[in-house]
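Architecture at a glance
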Amino acid sequence: MRFHSTRSRTHVVDLPQALFAGLAPDGGLYYPDSEPDLRELILRVPEELSYDRLAGELVHAIFPDLFDCDTALEVCRRAFPFAPRLRSLTEQIYLLELFHGPSCAFKDFGASFLAAVMGHFLAGENRRAVILTATSGDTGSAVAQAFHGRPGIDVVILYPSGRVSPLQEKQLTTVGDNVTALEVSGSFDDCQRMVKAAFVDAELTGRVPLTSANSINIGRLIPQSFYYVDAFIRLRSAVASDIVFCVPSGNFGNLTAGVFAWRWGLPVSGFLAATNVNDVVPRYLVSGAFRPQPSRATVANAMDVGDPSNFERMLEIFGADHQDMHAMIGAEVVSDEDILRTMGRVHRTSGIFLDPHTAAGVCAAERYLAGEGASDATVITLATAHPAKFAEVVERATGARPDLPPRLAEAMDRPKQAVRIEPQADALSRYLIEHHGEEARR
Ligand SMILES: *Cc1c(COP(=O)(O)O)cnc(C)c1O
């Protein structure tokens, strides 16, 4: 598989080029230039195959020229020391828990794969890379954990001082080794502006091998299609009905990855996008008009996105045909009240804590099953974060607090290590040259 830009089909690159560039030079997003046929593989692999092995088979099938079987398996062993877990919530609703990785959210799957694959290519070429990223909280911790200890890679993460939760700050600042947290005396927008300025600063990029790991990187998207395949394989013999995936969505990366899996041969009947009140995609599905909006704050804040970046890829999948897209993807818009009510009810009836993003998904799945013609379907709802990451909202909805998983509790006990920096681009460029420039390495 190679990749073209969503804005120009003639600009085609291979996987390493797409990974290290992040964005295409014309500002478009990288998009698969061909579609592998995975049907035979999906029907052949045994149900009990471990996740890293399944991922290895998929990587080899998708990129046979870049990864032979053994190399693909080795990269996936390094990427996935954790796995998804499937549990049933009701007779017709399953939860696909994607929060058993190091940062306790689904973004671990994409970030960890990207890190393992980048490490693989860098080792082959004897190069090094400095990952530079700004975070408002969650993405940064997934990236920090994913790249921690990878040879040839340093990570620099900017976060806004005092504007991330105490738990998020601990997750960012206690990793150490090759991961540095820069605490910016400013807002998240300042952090983003500084990072953007760094990437276009020719003097700086000539001296520091900067690269990005942000969520539009195709190297984070491709591996997110693997857990859809995994869930299907595990349910294939137990479930006779249609299977629908319900995906709590913000930037629509997770949903796009699921639709890729379907295009490549996963036999599912459809997808259901669950959004909070930031509803530009649900509106598009109904009306055919895409109108980005300023984002609105909700209790499911990782989905507060008013201009989803992966929409460009969704359009490309369906040849910009709005009817075709709507035939495969339904949508439900879930208010804060419904999110909190769902969290409360599920906890009361089953004892299960849901984080607010997953609760939006469960509410959407319930509405879908209550609707016309869908009554037989099995809905696999992606559980995108551990409830303990959103303990305040969980407590508000249920009156109880979920236990911190050990890896989060350990982070809370470790001392914070961060470098304070002013919210100015030249402060960042000085820091990078001094600590990560070619001269600093000698
Ligand atoms: C990022 C995130 C989402 C949204 O995922 P997209 O791929 O941006 O649609 C949902 N839930 C949680 C917990 C997240 O961190």
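Keep in mind that this is a model prediction, so the values were computed, not measured. (Residues numbered from 1 in each chain as written. Predicted model: local features only at pLDDT ≥ 70, side-chain atom pairs only at ≥ 80, totals over all residues. Heavy atoms only, no water.)

1. Considerations on helix α17 (residues 356–370)
This is how the line gets drawn: Each helix is a run of DSSP H or I of at least 4 residues and each strand a run of E of at least 2, with the numbering of both proceeding from the N terminus. To estimate the expected span of a helix, subtract one from its residue number and multiply by 1.5 Å. Buried residues are those whose accessible area, probed at 1.4 Å on protein chains only, stays under 20% of the maximum for their type, while exposed residues exceed 50% and partly exposed ones sit between those limits.
The end-to-end C-alpha distance of α17, which contains 15 residues, comes to 21 Å, matching closely the 21 Å that a straight helix rising 1.5 Å per residue would cover. α17 sits mainly inside the fold: 11 of its 15 residues count as buried. If you check which residues of α17 are buried, you get P356, H357, T358, A359, A360, G361, V362, C363, A364, A365 and L369.

2. A few points about empty space enclosed by the protein
Let me state the cut-off plainly: Of the two site types, the cavity is a set of points on a 1 Å grid over the protein atoms alone where a 1.4 Å probe fits but cannot get out, and the pocket is an open set with protein on both sides within 12 Å along at least five of seven lines, each lined by residues with an atom within 4 Å of a point. Grid points are joined across faces, edges and corners, and a volume is the space filled by probe spheres set on the points. Gly is placed with the polar residues, together with every amino acid not listed as nonpolar (Ala, Val, Leu, Ile, Met, Phe, Trp, Tyr, Cys and Pro) or charged (Asp, Glu, Lys and Arg).
Summed over the entire model, instances satisfying the criterion amount to two cavities of 30 Å³ or more. There is about 40 Å³ of room inside the largest cavity. As for the largest cavity, its lining consists of Y31, P32, S34, E35, F260, R263 and W264. Contributing elements (two or more residues each) for the lining of the largest cavity: β3 (30–32) and α12 (253–263). The residue makeup of the lining of the largest cavity, split by class, is four nonpolar, one polar and two charged. Here the second largest cavity is characterised by a volume of approximately 30 Å³. Forming the boundary of the second largest cavity are L38, I42, L58, S225, F226, V229, A261 and W264. The class makeup of the residues in the lining of the second largest cavity is seven nonpolar, one polar and no charged.

3. Here's the deal with the pattern of salt bridges
Side-chain pairing between opposite charges can occur once the charged atoms of the two side chains come close. How we decide: For salt bridges, the criterion is a side-chain nitrogen of Lys or Arg within 4 Å of an Asp or Glu carboxyl oxygen.
Taken as a whole and judged by the stated rule, the model has 26 salt bridges. Between D338 and R341 there is a salt bridge whose closest N-O contact spans 2.8 Å. Taken as a pair, D338 and R341 lie in helix α16 (residues 336–350) at a separation of three residues, close to a single helical turn. Residue R341 is classed as exposed on the basis of its relative accessible area, which comes to 55%. Measuring nitrogen to oxygen at the nearest pair gives 3.1 Å for the salt bridge that ties R367 to D338.

4. Quick word on the packing of helix α3 (residues 51–62) against helix α11 (residues 226–235)
Which entries qualify depends on this criterion: An axis is simply a line fitted to the C-alpha atoms; with a helix, the fit covers only the stretch in contact. Between two such axes, the angle follows the N-to-C directions and lies from 0 to 180 degrees. Orientation labels follow simple angle bins: below 35 degrees gives roughly parallel, above 145 gives roughly antiparallel, 65 to 115 gives roughly perpendicular, and whatever is left gives oblique. When the near helix sits turned anticlockwise from the far one by under a right angle, the crossing is termed left-handed; a clockwise turn instead gives a right-handed crossing. A contact between two residues is defined here by any heavy atoms of the two lying within 4.5 Å.
For the pair α3 and α11, the least separation of the axes is 10 Å and the interaxial angle reads 120 degrees. By the angle between their directions, the pair α3 and α11 is classed as oblique. Judged by the sense of rotation from one axis to the other, the crossing of α3 with α11 is right-handed. In this structure, α3 uses Y51, L54, A55, L58, V59 and I62 to contact α11, whose residues at the interface are F226, Y227, V229, D230, I233 and R234. Residue composition of the contact of α3 with α11, by class: 10 nonpolar, no polar and two charged.

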